[in-house]
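Coordinates in review
Listed below, chain by chain, are the residues.
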Amino acid sequence: MVGRCRDFSATALTDWEWLPPGGLARPPSDDPYAWDTGTDVEPDWDEERRAVAEDVLMVVSELVTNACLHAGGPLELVLDCTPERLRIEVSDASPRAPRPRPHPDPAVPGGHGLVVLGRLARAWGSMPRDSGKTVWAEVAAPRMP
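Thresholds applied
Here the residue numbers are simple positions, counted from 1 along each chain's written sequence. Confidence filtering applies because this is a predicted model: local features only for residues at pLDDT of at least 70, side-chain atom pairs given and counted only at 80 or more, and all residues used for totals across whole chains, interfaces and linings. Heavy atoms throughout the structure, all of them, feed into the side-chain values; hydrogens and water do not. Pairing between strands is defined by DSSP: at least two bridges between them are needed. In DSSP terms, a helix is any run of H or I states spanning at least four residues, a strand is any run of E spanning at least two, and both are numbered starting from the N terminus. Lines fitted to C-alpha atoms define the axes, with helix axes restricted to the stretch in contact, and inter-axis angles between N-to-C directions lie between 0 and 180 degrees. Oblique is the label for every angle not falling under 35 degrees (roughly parallel), over 145 degrees (roughly antiparallel), or within 65 to 115 degrees (roughly perpendicular). Whether a crossing is left-handed or right-handed is set by the direction in which the near helix is turned from the far one by less than a right angle, anticlockwise for left-handed and clockwise for right-handed. Should any heavy atoms of two residues lie within 4.5 Å, those residues are counted as being in contact. Classification convention: Asp, Glu, Lys, Arg as charged; Ala, Val, Leu, Ile, Met, Phe, Trp, Tyr, Cys, Pro as nonpolar; all other residues, Gly among them, as polar. Each residue is placed in one exposure class: buried if its accessible area under a 1.4 Å probe, protein chains only, is under 20% of its type's maximum, exposed if it is over 50%, and partly exposed if it falls in between. Counted as positive: Lys and Arg. Counted as negative: Asp and Glu. His and the chain ends are not counted at all. Whenever Lys or Arg places a side-chain nitrogen within 4 Å of a carboxyl oxygen from Asp or Glu, that contact is recorded as a salt bridge.

Right, let's get into the pairing of strand β1 (residues 74–81). Bridge count for β1 against strand β2 (residues 85–92) is seven bridges, and the pairing is antiparallel. Paired with Leu79 across the two strands is Ile88, which belongs to β2. Connecting β1 to the antiparallel partner β2 that follows it, the hairpin turn spans three residues.

Now the structure itself:
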C-alpha cells in the first residue's frame, strides 16, 4: 500500500515538474554531467525541487504507514497542489487523532513518524470525518524556474 501511494505521488510530482521525467533517478556519480546522454533526464535538474519532492514522498510514506498501522489502512489519498504549497491528505476509518509519543526513544524502532512529519511539513493536523478522520500535512512548494 505504501509503495503504491508513493508511486502515485511520484507520478503527480513528475507531472507538476517537481521531479524530472526520470523521477528520483540520480546521476551515476557525483558529477551532474555524468548522465548517459541517451536518457531523457535533464542533467541540470533543480536540486531544490528534487529535495522537496523527496520530502513529500517521505511525508506520504509516514501518513500512509500510520494509517496502516493504527487505523486499518488508508481509505483515500489526496494531493492538492497550488503554486505555494502541496497539501497531502490521508483519510482512514479511525476517529482517533494522531498523537506524537511524548519522548520516543531513538534506539527503539517505531514511534518517530510524527516527529519526522513535524520536521518535514510546514504544518500538519487532523480533521474528523463522518466515518473516521483525515490526517493532513502541507509542504511548501519549491521555487519554479
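Running from N to C, helix α1 (residues 2–15) and helix α2 (residues 47–70) point in directions that differ by 150°, and their axes come no closer than 9 Å. By the angle between their axes, α1 is roughly antiparallel relative to α2. Crossing hand, α1 versus α2: right-handed. Of the residues in α2, those touching α1 at Val2, Cys5, Arg6, Ser9, Ala10 and Leu13 are Ala53, Val56, Leu57, Met58, Val60, Ser61, Val64 and Thr65. When grouped by side-chain class, the residues that make up the contact of α1 with α2 number ten nonpolar, three polar and one charged.

Now for the pairing of strand β3 (residues 123–129). For β3 and strand β4 (residues 132–140), the ladder comprises seven bridges, and the chain directions are antiparallel. Pairing of Gly125 across the sheet is with Trp136, part of β4. Counting the residues in the hairpin turn of β3 and β4 gives two residues.

Mapping Glu62 onto the fold places it in helix α2. Buried and without a salt bridge, Glu62 has Arg6 as its closest oppositely charged side chain, separated by 8.6 Å.

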